[in-house]
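# Close look at the chain arrangement
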Amino acid sequence: MGLSPPDDLAALADSILERVGRDRAEVVVVEHDRALTRFARNQIHQNVAERSRRVRLRLMGDEQVGVAEIRGDMEGLEDRLIASAEAARRLAPPGEVTPLPRPDAGSDGPVAHTAATAECTPEWRAEQAAAVASVAAGAGFEAFGACETSLTHTVVVNSLGVRRHAESTSASLLCVTRGESGWGYAARHHHDAGRLDAEAVAAESVETCGRNQEAEALEPGAYAVVLSPYAVADLVGHLADLGFSALARQEHRSFMRPGERLMSELVSIADDASHPAAMPFPFDDEGVSTRSVTCIEEGVCASFLHDSATALREDLPSTGHALPMPNTYGPWARHLVVAAGTSSPDELLAECGRGLYVTRFWYVRDVHPLRTVITGMTRDGTFLIEGGRLGRPVRDLRFTQSIVDALADVRAVGRERSIELDEGERALLVPPLCIGSFAFTS
Amino acid sequence: MKDIAELALDIAASSGAAYADCRVVQRGVQALTVKNGSFAEVSSFEDEGVGIRVIVDGAWGFASVGRVDADSLEEAARDACRIARASSRLRRHPVRLAATPVAVGVYATPMERDPFEVSLEEKMDLLIRADEGMASVPGVTTHEASLEFVREHRFFASSEGSEVEQVIVESGGGLDATATSADEVQTRSFPNSFGRHQLCAGYEAIEAMDLAANAERIGAEAVALLSAPPCPTGRLTLILDGTQAALQVHESCGHPTELDRVRGDEAAFAGTSFLTPDLVGRFRYGSEQVSITADATIPGGLGTYGWDDEGVGAQRTVLVDHGLFRAYMSSRETAADYGWSSSGAMRAESWNRIPLIRMTNVNLEPGESSLEEMIATTAHGVYLETNRSWSIDDRRLNFQFGTQNGWEIRDGRRVGLVRNALYAGRTPDFWRSCDAVAGPSEWRVWGTVNCGKGQPGQVIHVGHGAAPCRFRGVAVTAAG
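Residues numbered from 1 in each chain as written. Chains lettered and ligands numbered in written order. Predicted model: local features only at pLDDT ≥ 70, side-chain atom pairs only at ≥ 80, totals over all residues.

### A word on the domain arrangement of chain A
Residue and element names in this part refer to chain A. Split into domains, chain A comes out as domain 1 (6-211) and domain 2 (221-440). Look at where the C-alpha atoms of domain 1 and domain 2 centre, and you get two points 23 Å apart. For the side of domain 1 that touches domain 2, the secondary structure elements donating two or more residues are strand 2 (43-61), strand 4 (142-158), strand 5 (163-178), strand 6 (183-190) and helix 5 (198-211). In terms of residues, the side of domain 1 that touches domain 2 owes the most to one element, strand 5, which gives 6 residues. Among the residues forming the side of domain 1 that touches domain 2, the class breakdown is 12 nonpolar, 14 polar and 6 charged. (Domains from an automatic or database assignment. Helix = DSSP H or I, 4+ residues; strand = E, 2+ residues; numbered from the N terminus. Nonpolar A, V, L, I, M, F, W, Y, C, P; charged D, E, K, R; others polar.)

Written out as structure tokens, the structure reads:
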């Protein structure tokens, strides 16, 4: 992989700031080198690489703000960017403009970064795919999946003196395994590609697939469940989107009631961008240091996430959870960490007694946001739990369930956590959970 | 653009590519949003780069770069070939492509008024008036009006001699009004949810939406929903408006008729399909009322173009013919597996992504009924409008959808607004229960701007022609 030296990106950002000549401007430069090898039926069928740079300028003045962004290193980039942002600013209707943040005392670390990940080659990714396919083929199955590595440089500067830079890496390997009549799944994510362990990913997926053959239909209804970390990540990601943002509270659409216990005392959830296992990253899209925020503490609604705009309305400091500003979405959790419990995998099954084990959810969508009701399907391995032990496979089921109600009924929390990436590619460090009742509807 | 593409193809050929294609893409997006009486966003996005796709040693490689100069192109073309060689290490069968005529030509979206020539003042004035209309309704707590315009200039060339140049223009806009109470949050959108309705068209598409004139109405509907009774529960007759019918087609017919899903190419992420090739020409997908096409030639659709991103000409494919499953959307590679020709449905989000089989405009063809007639001949049921939630399994069989608005129907009349409506079913059972589709006068092309697929992810804009339609004995309930 080859990206511009960080100093070059900072120099580009500084050059734009200088040319703008305004006292309120922000420049964000993000450069990506990303490659992904995809396999299906034990063969590589798609294999791609991308090198790109995005430069974003936010201009403010006269109670107006304009934004321009360019992806690609085109001729006259600085002129075009400045002209577009200025045109947008001049025509924006005057109104309340959230001020740019000032520098804070935060450092540009910790960051999820491993130099070796940035050096991964297409041949290395093909080896990972081959290793997974070999294990699957050895079991008589077919493997489908993807191996991805990326390097990102991020620079945020503004005319009030904010200057942030981070160089981050990430790597993912996921595998779906197909047998005669059922599937299995496994995935690993880390900033160090050397920690992905293709054989372990394949073995887990093959093991689940082997158990998930000739599944039988099960009558829908309420069942106790043990949710794997893959499934818990879906629940927690949706919960955060539905209520952890201060904007959601300000617009009266958050389920959170500060100080009130809504969930089991076994449940604590924070957004912690400095946690070493949660793909740490030190600042947000405004260059504000991202603070650790406990949103749910032992089942009690605690604090909200802020960007500059929501913080200004409440006369609070931003917690450093901004998306590119201005936006209508509000603050966003990117490093969700669920507190570990004390239970081993066998103890979770024993606690459940009789119920269902869910490997993975799929196509989870909000149904009633204020009541945190979501729906989705189980996928790639759903099993009966009988007598506190994993039993026969059952066909995939649809669930329609309030997340808050489910987390109020947590009986046990696993002691081992794993890092997952949800559909928005945010990191979640989550344990498996045993939940007393979960509604399967079809 | 032509020089750039030819240079890339030359380098790919000299690096060992048996086949190569190159896409040079320039994209401009203008977005404007007014929220709660003040502007939220006035922004522009420009995008430029090159994607080079090759076959070397029987395997695919792709590299892309956001810099259009000779050195960068040479590096990207060589990277693509190296990546293809790496792919060939785990490839049992060489890639085969179905033959397609060499394509040469130009295409441009027909339009009356170039949206990029319309002043920002005019656009902002429209948004402010619409926002004020929603704000005028007591009880509306959050209101947002937005516009988006896209111009994409792309040049495709292949080592087989195809060279096509296209300029695609899209215009979109929408309103969202939200009302809240202690235990409810209700949003109404216009003309569609997901932020906006969008078409391949000029600014005339925005004018036709008449956003400002509908603002107060949707605000009032959001407030009324707060106190509306929950949707009734049971096996009911269900009538869908055109927007929800479009989404139903998208999820339960569009995706399962993508041939790459059938092959397993998407099994690791988006999933597979219940519509296996042995069912072509034999499987009763729906009732006689149900005919569904994939048509990249209809005016205005977000999947309307001259050629796809493999240089295959736009065409109309009958997917379901009076209920019978007939065909898939396909690419040159997937079609070759079955001895078919490509349906011309390969589309890439931009220069930095490979083309995948994507929906073009997947349309429920008009029938002979009307919304008025469907309601008048329904003893007990619900009429549901505008999607609010959607979920379907990885084979596209088990679905559950919710809508923003609902009306209970009794004895042929709408008797009252209902809230939090959900309905669920299995795809073929559902479409077989369809007994009426409204006619051409109520048929409209809708734009879906959030269709995701692939790894790395790609979001693409697709079209759906649809009209109100009716289904019998559907499981209906209320959320929450």
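Don't stop here, the text continues.
### Some words on the sheet that holds strand 10 (residues 300-301) of chain A
Residue and element names in this part refer to chain A. If you trace the 6 strands from one edge of the open sheet to the other, you get 10-9-8-11-20-19, paired in mixed fashion. Lying at the two open borders of the sheet, with one neighbouring strand each, are strand 10 and strand 19 (418-421). Two elements, strand 19 and strand 20 (residues 427-430), share 4 bridges in a ladder whose sense is antiparallel. Counterpart to Ile419 in the pairing with strand 20 is Leu429. The strands touched by helix 6 (residues 229-243) within the sheet are strand 8 (269-271), strand 11 (335-338), strand 19 and strand 20, with strand 20 carrying the most contacts at an inclination of about 120°. (Pairing = 2+ DSSP bridges. Contact = placed C-beta atoms within 7 Å. Axes fitted to C-alpha atoms, helices over the stretch in contact; angles between N-to-C directions.)

### A few points about the interface of chain B and chain A
With 66 residues of chain B at the interface, the matching set in chain A holds 69 residues. Looking at which element gives the most residues to the side of chain B that touches chain A, the answer is strand 2 (residues 38-56) of chain B, with 12 residues. In the sheet, strand 2 of chain A pairs with strand 3 (residues 59-65) of chain B via 4 bridges, with the strands oriented parallel. For A:Val48, the partnering residue across the bridge sits in strand 3 of chain B and is B:Phe62.

### As for the nonpolar core
One finds A:Val132, A:Val236, B:Ala12, B:Ile52, B:Ala80 and B:Val382 to be the most contacted residues of the largest nonpolar core, which totals 287 residues. Per element, the largest residue contribution to this core is 9 residues, and it comes from helix 6 of chain A. In contact with A:Val132, not counting residues within four places along its chain, are A:Ala143, A:Gly145, A:Cys175, A:Ala198, A:Val201 and A:Ala202. (Core = buried A, V, L, I, M, F, W, Y, C linked by C-beta atoms within 7 Å. Buried ≥ 20, exposed ≤ 12 C-beta atoms within 10 Å, placed from the backbone.)

### Comments concerning the sheet that holds strand 15 (residues 362-364) of chain B
Residues and elements named next belong to chain B. Strand order in the open sheet formed by 4 strands is 12-11-10-15, with antiparallel pairing between adjacent strands. In this open sheet, the two edge strands, each paired with only one partner strand, are strand 12 (324-325) and strand 15. As judged from the 4 bridges shared by strand 10 (residues 292-295) and strand 11 (residues 316-321), these two strands associate in the antiparallel manner. Residue Ala294 lies in a different strand from strand 11, and its bridge partner there is Thr317. Running at roughly 120° to strand 15, helix 6 (residues 242-254) makes contact with strand 10, strand 11 and strand 15 of the sheet.

### Brief notes about the packing of helix 4 (residues 122-138) of chain A against helix 2 (residues 70-88) of chain B
With their axes 9 Å apart at the nearest point, helix 4 of chain A and helix 2 of chain B run at an angle of 20° to one another. Classified by the interaxial angle, the pair formed by helix 4 of chain A and helix 2 of chain B is roughly parallel. Crossing of helix 4 of chain A against helix 2 of chain B: the hand is right-handed. On the side of helix 4 of chain A, the interface is formed by A:Pro122, A:Glu123 and A:Ala126, while helix 2 of chain B contributes B:Arg82, B:Ile83, B:Ala86 and B:Ser87. Class assignment of the residues belonging to the contact of helix 4 of chain A with helix 2 of chain B gives a composition of 4 nonpolar, 1 polar and 2 charged. (Parallel < 35°, antiparallel > 145°, perpendicular 65-115°, else oblique. Left-handed = near helix turned anticlockwise from the far one by under 90°.)

### Considerations on the domain arrangement of chain B
All names here are of chain B. Each assigned domain of chain B is listed with its residue range as follows: domain 1 (2-226) and domain 2 (234-478). Placing a centre on the C-alpha atoms of domain 1 and another on those of domain 2 gives a separation of 21 Å. Contacts between the two partners involve 43 residues from domain 1 and, on the opposite side, 38 residues from domain 2. Its residues placed into classes, the side of domain 1 that touches domain 2 shows 17 nonpolar, 16 polar and 10 charged.

### Here's the deal with the packing of helix 1 (residues 6-20) of chain A against helix 2 (residues 77-91) of chain A
Residue and element names in this part refer to chain A. At a minimum axis distance of 11 Å, the contact between helix 1 and helix 2 shows a crossing angle of 50°. With respect to helix 2, the element helix 1 is oriented oblique. Crossing hand, helix 1 versus helix 2: right-handed. Of helix 2, the residues touching helix 1 (which contributes Ser15, Ile16, Arg19 and Val20) are Glu78, Leu81 and Ile82. Looking at the contact of helix 1 with helix 2, its residues break down into 4 nonpolar, 1 polar and 2 charged.

### Some points on the pairing of strand 12 (residues 355-358) of chain A
Working note: regular strand, side chains alternate between the two faces of the sheet. Residue and element names in this part refer to chain A. Looking at chain direction, strand 7 (residues 221-227) and strand 12 are connected through 4 bridges and run parallel. Each residue of the ladder has a partner; that of Ala224, found in strand 12, is Gly355. Direction of pairing for strand 12 relative to strand 15 (residues 382-386): antiparallel, over a ladder of 4 bridges. Note on strand 15: the bridge partner recorded for Tyr357 is Phe383.

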